[in-house]
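In case you want the letters, here they are:
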Amino acid sequence: MELQRPSPSLTLLLLLPLLARAMEPVSMGLAVFGAASALTGFISTYPGLYCYFRECCDGGLNATALQEDLNEQLFGQHLVNKVILKAVTGFMRNKNPRKPLTLSLHGWTGTGKNLVSQIIAKNIYKEGLQSQYVHQFVSTLHFKHAHEINNYKDQLQSWIRGNVTNCERSIFIFDEMDKMLPGLIDAIKPFLDYYDHIEGVSYRKAIFVFLSNAGGRLINEVTLDFWKSGRKREEMQLKDLDNALSLSIFNNKESGLWHSSLIDKNLIDFFVPFLPLEYKHVKMCVEVELQLRGYEPDENIVTTVADEMTYFPREEKIYSDKGCKTVARKIDFYT
């Protein structure tokens, strides 16, 4: 077999480090300019190579990495792991989805909702939440004034339309949905529906993630009932919560999805319940936080921090009422 010679562009790229050592500064500048031109031509010939140098819109998903991140970073959330892995993996593998993927994450504070949104973004785009294709909205920051709701609706629609036009795989994360102005989120209903195009733009490959504390009380009650009946939390299935959770959120005036057409028209694909965390889960959070700071897990610190958290019900003290939310702050006192 006859070996093919490398192209001139590739040869120049390979020789550039050697040329740099032998050239004067002016010559080096000309060489770099020439190499840059060659690189541009090379990338235009092989467009897939562009994504090695700069983040591309058509984000890919490593399902194995997604599963590992969920298993290693999220504790006590077997339902979340199962739903997120199947929903995101199935959606990303579908080359022609009928509608955008819409996930609504619900649960008490500190149970991992923000963490999961970070994991999803990270495993689709290299830059994660910092990606130019991932967009975050915080209700108390971006939609503060009730009298501006009509302006917010127009701005929200324009913002989503512009970003999806730029990248059909855009990800939109709405935090603090329980504090969103009633009716505001319905402004994006057309984008979540089963339309091929809206004014020439297809939204079917976008991902929408809603984060909310709404429904947390119901989730806690169901989880506690499982415990009282002697059943393990791992026995809980999505069907034990799904219908009651969506109905609770729909009728909750503080949910941001109160009487929302998104629920009424079944445009939210999955209501994902985050269960309250037990003492053992809080200890796991402490261990991970210590490792992230470069420390070996110290059982004394782990136990001390976990013991300082408050738990409910008041007598049994089974579940942390703040999840792992304040773990990092408490560790500051011991490291």
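Note that the structure is predicted; figures quoted are calculated from it, not measured.

Caption draft 1: Here's a closer look at the packing of aromatic side chains. Throughout the structure, instances matching the rule amount to nine aromatic pairs. Aromatic side chains Phe 172 and Phe 208 sit 5.0 Å apart centroid to centroid with 20 degrees between the ring planes, which places their arrangement in the stacked category. Of the two residues, Phe 172 is situated in strand 3 (residues 171–175) and Phe 208 in strand 4 (residues 207–212); the sequence distance between them amounts to 36 residues. Measuring from centroid to centroid gives 4.4 Å for Phe 191 and Tyr 203, while their planes differ by 25 degrees, and the two rings are stacked.

Caption draft 2: Highlighting the sheet that holds strand 2 (residues 134–138). Strand order in this open sheet of five strands is 2-3-4-1-5, and the pairing throughout is parallel. Each end of this open sheet is capped by a strand with a single partner; those strands are strand 2 and strand 5 (270–274). For this sheet, the mean angle separating the axes of adjacent strands, direction not counted, is 15 degrees. Of the pairings in the sheet, the one linking strand 1 (residues 101–107) to strand 5 comprises five bridges and is parallel in character. Its bridge partner lying in strand 5, Ser 104 is registered against Phe 271. Along the sheet face, helix 11 (residues 242–250) touches strand 1 and strand 5 and points at about 100 degrees away from the line of strand 5.

Caption draft 3: Structural view of the state of the cysteines. Using the criterion set out here, one finds two disulfides in the structure. In this model, Cys 57 is linked to Cys 167 through a disulfide, with the two sulfur atoms separated by 2.1 Å. Looking down the S-S bond of the Cys 57 and Cys 167 bridge, the torsion is 90 degrees, so its handedness is right-handed. Taken together, the residues Cys 57 in the loop between helix 3 (50–53) and helix 4 (63–73) and Cys 167 in the loop between helix 8 (149–166) and strand 3 connect sequence positions 110 residues apart. As far as the burial class goes, Cys 57 and Cys 167 line up, both buried. Each disulfide pairs two cysteine sulfurs, and for Cys 285 the partner residue is Cys 324, the sulfurs being separated by 2.0 Å. Between Cys 285 and Cys 324 the sulfur-sulfur dihedral comes to about 80 degrees; the bridge is accordingly right-handed. Placement of Cys 285 in helix 13 (residues 279–292) and of Cys 324 in the loop between strand 7 (319–320) and helix 15 (327–331) is noted, with a sequence separation of 39 residues between them.

Caption draft 4: Layout of helix 8. Helix length check: helix 8 (18 residues) gives 26 Å between terminal C-alpha atoms against 26 Å at 1.5 Å per residue, within 8%. Three or more residues of helix 8 are buried, namely Ile 149, Tyr 152, Leu 156, Ile 160, Asn 163 and Val 164. Seen along its axis, helix 8 keeps its buried residues to an arc of 95 degrees; they face one direction. Among the exposed residues of helix 8, those pointing more than 90 degrees away from its buried face are Asn 150, Gln 155, Thr 165 and Asn 166. For helix 8, the elements touching its buried residues are strand 2, helix 7 (139–142), strand 3, helix 9 (189–192) and strand 4.

Caption draft 5: Representation of the environment of Phe 143 within the structure. Of note, Phe 143 is situated in the loop between helix 7 and helix 8. With a relative accessible area of 6%, Phe 143 lands in the buried category. In sequence terms Phe 143 and Lys 179 are 36 residues apart; their C-alpha atoms lie 9.2 Å from each other. In contact with Phe 143, not counting residues within four places along its chain, are Phe 137, Val 138, Tyr 152, Leu 156, Met 180, Leu 181 and Leu 184.

Caption draft 6: Fine view of the pairing of strand 1. Where burial is concerned, most of strand 1 is hidden: seven out of the seven residues are buried. Here strand 1 shows a buried face lined by Leu 101, Leu 103, Leu 105 and Gly 107 and a second buried face lined by Thr 102, Ser 104 and His 106. Sheet topology places strand 1 next to strand 4; six bridges connect them, and they run parallel. From the neighbouring strand, Leu 103 faces strand 4, where its bridge partner is Val 209.

Caption draft 7: Main features of the nonpolar core. Ranked by size, the top nonpolar core spans 39 residues in total, and within it Ile 160, Phe 174, Ile 185, Ile 188, Phe 208 and Phe 210 carry the most contacts. Those elements that place two or more of their residues in this core are helix 8, strand 3, helix 9, strand 4, helix 10 (216–228), helix 11 and helix 12 (261–264). Among the elements that make up this core, the one with the highest residue count is helix 8 (five residues). Once residues within four sequence positions are removed from consideration, Ile 160 is found in contact with Phe 172, Phe 174, Ile 188, Phe 191, Tyr 203 and Phe 208. With 31 residues, the next largest nonpolar core counts Val 80, Leu 85, Phe 91 and Ile 171 among its residues.

Caption draft 8: Structural context of unusual backbone geometry. A cis amide bond, omega -5 degrees, links Phe 312 with the succeeding residue Pro 313. On the secondary structure map, Pro 313 appears in the loop between strand 6 (311–312) and strand 7. Although it is not a glycine, Glu 176 sits at a positive phi angle of roughly 60 degrees. As for its placement among the helices and strands, Glu 176 is situated in the loop between strand 3 and helix 9. A positive phi is found at Lys 317, a non-glycine position, where the angle reads about 50 degrees. Among the structural elements, Lys 317 can be located in the loop between strand 6 and strand 7.

Caption draft 9: Summary view of the confidence of the model for the chain. The pLDDT averaged across the chain works out to 87; a share of 85% of its residues lies at or above 70. Ranking the helices and strands of the chain by mean pLDDT puts strand 3 first, with 98, and helix 1 (residues 8–22) last, with 44.

How each quantity is defined
- Residues numbered from 1 in each chain as written.
- Predicted model: local features only at pLDDT ≥ 70, side-chain atom pairs only at ≥ 80, totals over all residues.
- Heavy atoms only, no water.
- Phe/Tyr/Trp six-rings, centres within 6.5 Å; stacked < 30°, edge-to-face > 60°.
- Helix = DSSP H or I, 4+ residues; strand = E, 2+ residues; numbered from the N terminus.
- Pairing = 2+ DSSP bridges.
- Axes fitted to C-alpha atoms, helices over the stretch in contact; angles between N-to-C directions.
- Contact = heavy atoms within 4.5 Å.
- Disulfide = S-S within 2.5 Å.
- Buried < 20%, exposed > 50% of the residue type's maximum accessible area, 1.4 Å probe, protein only.
- Expected span 1.5 Å × (residues − 1).
- Arc of directions from axis to C-beta.
- Core = buried A, V, L, I, M, F, W, Y, C linked by side-chain atoms within 4.5 Å.
- pLDDT = per-residue confidence, 0-100.

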